[in-house]
Amino acid sequence: MNWTEVAIVYIAGLGAVAFAMYLAWDVLRRDQGTPAMQTIAGMIYQGAMAFLNRQYRTIGMLAVVGAIIIGALIAIFQNYDWILGIQTSVSFLVGAGLSALAGFIGMYIAVRSNIRTASAARRSLGEALTVALRGGAVSGFLVVALSLLGVASIFYAFGGATAPDKAPFLIVGFGFGASFVALFAQLGGGIYTKAADVGADLVGKVEAGIPEDDPRNPAVIADLVGDNVGDCAGRGADLFESTAAENIGAMILGVAVFAQTHNPAWILFPLVVRALGIVACAVGLLSVRPGPRTTNAMGTLNRGYYVAAILSVIGMFLATHFMLGMIQFFIAGVVGIATSIAFVYITQYYTSGSWRPVREIADAARTGPATTIISGLAIGFECTALPVISISVALLASYWVGSQSGLSGGGIYGTAIATMGMLMTAAYILAMDTFGPITDNAGGITEMSGSPEEIRDITDGLDAVGNTTKALTKGYAIGSAALAAFLLFSAYLDKVAQLTGRPFNTVNLANVSVFVGALVGAMLVFLFSSLAIRAVGRAASRMIEEVRRQFRADPGIMEGTSQPDFARCVDISTRGALREMIAPGLLAVGAPIVVGILLRAEAEAGLLMVGTMAGIILATVMNNGGGAWDNAKKFIEAGNLKDLNGVPVKKGTPIHAAAVVGDTVGDPFKDTAGPSLHVLIKLLSTLTLVFAPLFI
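For clarity, every value in this text was computed on a predicted model and none was experimentally measured. Numbering of residues starts from 1 in every chain and runs along the sequence as written. Restriction of local features to residues with pLDDT of at least 70 applies here, the model being predicted, together with a cutoff of 80 or more for giving and counting side-chain atom pairs; totals for whole chains, interfaces and linings are based on all residues. Only heavy atoms go into the side-chain values, all of them from the structure, while hydrogens and water stay out.

Undergrad: What should I look at first to understand the overall build of the chain in this one?
TA: The helix and strand tally for the chain stands at 21 helices and zero strands. A principal-axis box enclosing the C-alpha atoms of the chain has dimensions of 75 × 50 × 45 Å. Buried, partly exposed and exposed residues are distinguished by accessible area as a fraction of the type maximum, computed with a 1.4 Å probe on protein chains only: under 20%, between the cut-offs, and over 50%, respectively. By residue count, 64% of the 696 residues in the chain fall in the buried class. Restricting to contacts in the chain with at least 6 residues of sequence separation, those with at least 24 account for 85%. Strands here mean DSSP runs of E at least two residues long; helices mean DSSP runs of H or I at least four residues long; both are numbered from the N terminus. Contacts are assigned to residue pairs with any non-hydrogen atoms lying within 4.5 Å of each other.

Shown next as C-alpha cells:
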C-alpha cells in the first residue's frame, strides 16, 4: 500500500469536512435580521425539516428492503456466495446512508443561511453574496468529502490494501446505494417544489394579481420550502452519487492497466485527483471576497470558479506526474477540466438574460403564452447541439491521447481521467447551486417581512443570478454524466468479462435482443419523464384548488386582515410528493432488471448505452429550456423588456402573464424531470454493475 496516496485522500477528505464546519460556523454566527424575518424563516425551516424527515423515513425503508433483496439475489446467482451478497448489501447501505446524510446536513445549513442572507442584504450586495455562497459551500464540500471518504473507506474495508484489483468490483453497491437515494430524493424534492411553485404562481400572480412571495398567498411558504428540498437536498444527493459512481467506474477501468503494470496507482488515481480537486475548490471559494461596492455577482462567482479550475489543472499535473508518469493522461485530465468550463459557458448562454435565447423568449411573450411556449421549446431543442459537440470532442480527444500511452485499455482510461478532471470542481459548482435556493428564500423573507424595496432589489438580483447558477449546476451534472457514460458503460463490459472469463467488448445492435433492449432504454427515459411531469401536474392541481378555496372561504386573506393557512399547503405538497415519487422510482429500478434477466447481458448493454444517450439529450432540453423560460420571466420583471412606446413592461400585464405561464410550463422540466434524469442515467450504470451476475 502506498501510504502517501492514502494520506492525501484522507487528509483532503477530513479537511473538507472541517472546512465545511468552519463555513457553517461563519454563516450561523451572523445577524438574523428583524423579528418579522425570523418568523418567516422559522416557518420555512419547520416545513423543510418536516418534509425531509418524512421523505427520508420512506426512502430509508425502501433502501433497507432493497439491500436485503439485492444481497439475496447476488448471493443466489453467484453460487450461493453469501459473503459477496452481504458485502454488496453493506456497501449499498453505506452509500445510501452517506448520500442521505450529505443532503440532509446541506439542506439544514441552507435553511439557516437564508435569513442571514436577507439580513446581510440590508447592508450590501457583497455581504449577502458572501453569506449565500458560504452557506451553499457547506453542502458542496460535505457532499464531495463524504463521497470521497466513503468510497476510499469501503474500498480499503473490502481488501483494497491487499487486493486492489478485486476490491473495486466489490464496492459497486456503494454507487448503486447512492444512486437509489438520489433518485427518490430528487424525485420527491422536485415534485414537492414544483407543486408548490406552480400553485403559488398561477393562482397568486396570474389569477389574483399579487406579487411573488406575497404573504397573502397560502402556497408561498410551501414554495420557499420546496426550493430547499429540491435544489439543496435533491441536488446534493445527485452530485454525491455522481462523484461516487464515476469514481468507482474509473477504479474498475484502472484494474485493466494494473494487470499490465502491477502498480496500484492506476486504481487509486481517481481518489487522489478528487482529493486535490477539493483543495482547489477551497482556495477558489476563499478567493471570492466581494466588497461593499460589488455590483456584478455572477462575475464575482465566476472568478472563484476560474481559480478552482486553474488550481485543478496544477493538481492534475502533479498527480499524473508522480503517480502515472505519463503526460498523455495529464492532457486527458485537462480535456475534462476544459469541458466543465465549456459547460459553464454554454449553460450561461442559454439561461442568462444577458444573451439571445432568454431575450428571444421574453420578446415572444408579447404575443401571448402560446408563442412563449413555442419559443422556449425551440430554445430547449436548440441547446442540445453545443453540449453534445463538446462531449463528443472531449471523448474523442481523451480517448486518443490515452491510446497514445501504448497501454492496453489506455484510451478508455483516458476518458476516465477526463471525467475525474471534470469532477475536480464539483464542490465549488455545488456551492453555486445551493446559492440559488438560499438567495430565492432570502428574497421571499424580505418580501414577506415588509422590508424596504431597495433590499428586495438586492435579493432579486441575487435570485436571478441564483437561477443561472442552478441551471449551470444542472448543465454541469448532465455534462459529467455524459462524459462518464462511456466510462461506466466500459466498466459494465469489464464486469461481465470478469464474471464470464471471456472478453466482452462488442455490442451488436443488429442482434434482435440487443435492438429491443436499446429501444426499451430510450422508451424508459421518456416514460419516466412523463410520470415525473404528470406527478407534478396532479400535485399542483391539488395545491391550486387549495389556494383558490382559501381565497374564496376567507376574503380577509386578500385584504390583509387574515392569515392564510400555510401549514395546509405544506402538507399537501408533502403528501403529494411522497405519494407520487414511488411509481417513477420503481420503474427506473425495475425495468432494467427485467430486461437484463429476460434478454441477458448484451441486451442490457444496449439498454444502458441507448438509454443513457436519450437521457442526456432529453435532460439537456428540459434543464436549459426550463431555465430559459424562468429567466425570461425575471428579465421582464426586472423591467428589461420595453413595449412599443419604449416603456418597461410591468408586472401584472398580459405580457408578464404570458411569461409566467411559460415559466410554469418549464418548472417541472427544469426542477423535476430534468434533474431526475441525471440520476436515472447514472442509476442505469450502477444498477447494471451490481446486477450483472443476474444477466449472465
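Undergrad: Help me out: how do you make sense of the pattern of salt bridges in this one?
TA: Pairing between side chains of opposite charge can happen when their charged atoms approach one another. The term salt bridge refers to a pairing of a side-chain nitrogen on Lys or Arg with a carboxyl oxygen on Asp or Glu at a separation within 4 Å. A full pass over the atoms with the stated rule returns 31 salt bridges. Here Asp463 ties to Lys634 by a salt bridge, and the two come within 3.8 Å at their closest N and O atoms. Taken together, the residues span a long stretch of sequence, with Asp463 in helix H16 (residues 453-500) and Lys634 in helix H20 (residues 582-637) at a distance of 171 residues. Linked by salt bridges that have partners in common, Lys194, Asp197, Asp463, Asp630, Lys633, Lys634, Asp663, Asp667, Lys670 and Asp671 make up one network.

Undergrad: I would appreciate a short explanation of helix H4 (residues 125-157) in the present structure.
TA: Expected span of a helix, by definition, is 1.5 Å for each gap between consecutive residues, and there is one gap fewer than residues. Spanning 33 residues, H4 covers 47 Å between terminal C-alpha atoms, matching the ideal 48 Å at 1.5 Å per step. Downstream of H4 by one or two residues, Gly159 has phi in the positive range, about 95 degrees.

Undergrad: Got a minute to help me understand the nonpolar core in this structure?
TA: If you look at the biggest cluster of nonpolar residues, it comprises 246 residues, and the most contacted ones within it are Phe141 and Tyr492. For this core, the element with the most residues is H16, which contributes 21 residues. Buried residues of nine kinds, namely Ala, Val, Leu, Ile, Met, Phe, Trp, Tyr and Cys, make up a nonpolar core once their side-chain atoms join them within 4.5 Å.

Undergrad: Looking at this structure, how should I read the side chain of Glu604?
TA: Examined against the element boundaries, Glu604 turns out to sit in helix H20. No salt bridge is formed by the buried Glu604, whose closest oppositely charged neighbour, Arg600, lies at an N-O distance of 9.8 Å. In protein, a polar contact requires one atom able to donate a hydrogen and another able to accept it; more generally it is a pair of N or O atoms within 3.5 Å, and residues adjacent in sequence count only if both atoms are side-chain atoms. Of note is the side chain of Glu604, whose polar atom sits 3.1 Å from the backbone nitrogen of Gly596. Every residue in contact with Glu604, bar those within four places of it in the chain, is listed here: Tyr492, Pro592, Val595, Gly596, Leu687, Thr688 and Phe695. Positive charges are assigned to Lys and Arg, negative charges to Asp and Glu, while His and the chain termini are left out of the count.

Undergrad: Please explain unusual backbone geometry as it appears in this structure.
TA: For residues that are not glycine, phi is negative in most cases, and the peptide bond is trans in most cases. The backbone of Asn79 shows a phi angle near 60 degrees, a positive value even though the residue is not glycine. Along the chain, Asn79 turns up in the loop between helix H2 (35-77) and helix H3 (82-120). For Arg600, which is not glycine, the phi dihedral falls at a positive 80 degrees. Relative to the helices and strands, Arg600 resides in helix H20.

Undergrad: Got a minute to help me understand the packing of H4 against helix H7 (residues 220-261) in this structure?
TA: Geometrically, a packed helix pair is captured by the angle between its two axes and the distance between the axes. Contact geometry of H4 with H7 gives a least axis separation of 9 Å together with a crossing angle of 35 degrees. Along this stretch, H4 crosses H7, giving a crossing that reads as right-handed. Only Gly236, Leu239, Phe240, Thr243, Ala244, Asn247, Ile248 and Met251 of H7 make contact with H4, whose side of the interface consists of Val143, Leu146, Ser147, Val151 and Phe155. Axis definition: a line fitted to C-alpha atoms, over the contacting stretch in the case of helices. Angles run 0 to 180 degrees between N-to-C directions. What makes a crossing left-handed is the near helix being turned counterclockwise from the far one by less than a right angle; a clockwise turn instead makes it right-handed.

Undergrad: Can you help me understand the packing of helix H17 (residues 512-553) against H20 in this one?
TA: Following both chains from N to C, one finds H17 and H20 inclined at 50 degrees, their axes separated by 6 Å at the closest point. For the element pair H17 / H20, the angle class is oblique. Pair H17 / H20 crosses with right-handed handedness. Of the residues in the contact of H17 with H20, the class split is 26 nonpolar, seven polar and one charged. For classification, angles of less than 35 degrees are called roughly parallel, those exceeding 145 degrees roughly antiparallel, those between 65 and 115 degrees roughly perpendicular, and all remaining angles oblique. Ten residue types, Ala, Val, Leu, Ile, Met, Phe, Trp, Tyr, Cys and Pro, are classed as nonpolar, four, Asp, Glu, Lys and Arg, as charged, and the remainder, Gly among them, as polar.

Undergrad: Please clarify how a nonpolar patch on the surface should be interpreted in this entry.
TA: Every patch collects residues that have over 30% relative accessible area and no salt bridge, joining them within 9 Å if they carry like charges and within 5 Å if they are nonpolar side chains (Val, Leu, Ile, Met, Phe, Trp, Tyr). The Shrake-Rupley method, run with a 1.4 Å probe, gives the accessible areas here. Residue values count only the displayed protein chains as cover. Among the surface-exposed residues, Ile76, Phe77, Tyr80, Trp82, Ile86, Val90 and Val94 lie close enough to one another that they form a single nonpolar patch of about 670 Å² accessible area. Among the elements of the structure, H2 and H3 are those that each provide at least two residues to the nonpolar patch. It is H3 that provides the largest number of residues to the nonpolar patch, a total of four residues. In this structure, Ile86 sits in helix H3.

Undergrad: I would appreciate a short explanation of helix H13 (residues 385-403) in the present structure.
TA: Every α-helical turn comprises 3.6 residues, leaving residues that sit three or four positions apart pointing alike. When the terminal C-alpha atoms of H13 are compared, their 27 Å separation across 19 residues agrees well with the 27 Å that a helix rising 1.5 Å per residue should span. Considered for burial, the residues of H13 that qualify are Pro387, Ser390, Ile391, Ala394, Ser398, Val401 and Gly402. Down the axis of H13, the buried side of the element spans an arc of 115 degrees, and every buried residue falls inside it. H13 presents Val393, Leu396 and Trp400 as exposed residues on the side facing more than 90 degrees away from its buried surface. Tucked into the core, H13 has its buried residues touching helix H10 (327-351), helix H14 (410-423), H16 and H20. Directions drawn from the helix axis to the C-beta atoms are what define this arc.

Undergrad: Would you mind going over the packing of aromatic side chains with me for this structure?
TA: Each aromatic ring pair is described using two quantities: the centre-to-centre distance and the angle formed by the ring planes. The aromatic pairing rule takes the rings of Phe, Tyr and Trp, using the six-membered ring of Trp, and pairs them if the centres are within 6.5 Å, calling planes under 30 degrees apart stacked, those over 60 edge-to-face and the rest tilted. In the structure shown here, the tally under the stated rule is 25 aromatic pairs. Summarising the aromatic geometry, the rings of Phe174 and Phe240 are spaced 6.2 Å apart at their centres and angled 35 degrees between planes, so their arrangement reads as tilted. With a gap of 66 residues between them, Phe174 in helix H6 (residues 172-208) and Phe240 in helix H7 connect regions that are remote in the sequence. You can call Phe240 buried: its relative accessible area is 0%. What links up through ring pairs into an aromatic cluster is the set Phe92, Phe176, Phe180, Phe184 and Phe691. Over the face of the ring belonging to Trp25 we find Arg29, whose NZ or CZ atom lies 4.8 Å from the ring centre. The aromatic ring of Tyr45 is capped on one face by Arg112, whose charged end is 3.9 Å from the ring centroid. Counted as over-ring charges are cases with an Arg CZ or a Lys NZ within 6 Å of the ring centre that also lie within 35 degrees of the ring normal.

Undergrad: Please clarify how the environment of Ser398 should be interpreted in this entry.
TA: Relative to the helices and strands, Ser398 is located in helix H13. Of the residues examined, Ser398 reaches a relative accessible area of 0% and is grouped as buried. Taking the C-alpha atoms as reference, Ser398 lies 8.7 Å from Gln328; in sequence the two are 70 residues apart. Among residues more than four places away in sequence, those in contact with Ser398 are Ala332, Val335, Gly411, Gly414, Thr415 and Ala418. Among the polar contacts listed, one links the side chain of Ser398 to the backbone oxygen of Leu395, at a separation of 3.3 Å.

Undergrad: Where do I start with the environment of Asp433 in this structure?
TA: Along the chain, Asp433 turns up in helix H15 (residues 426-448). In this structure Asp433 comes out as buried when scored by relative accessible area, which is 0%. Considering only alpha carbons, one finds Asp433 and Asn467, 34 residues apart in sequence, at a separation of 8.6 Å. Ignoring anything within four residues of it in the chain, the contact list for Asp433 reads Asp231, Arg235, Thr469, Lys470 and Thr473.

Undergrad: Help me understand the side chain of Asp197, please; the structure alone is not making it clear to me.
TA: Mapped onto the fold, Asp197 is located in helix H6. Within the structure, Asp197 has its side chain in polar contact with the side chain of Lys194 (distance 2.7 Å). If near-sequence neighbours (up to four positions away) are discounted, Asp197 is found in contact with Asp223 and Asp667.

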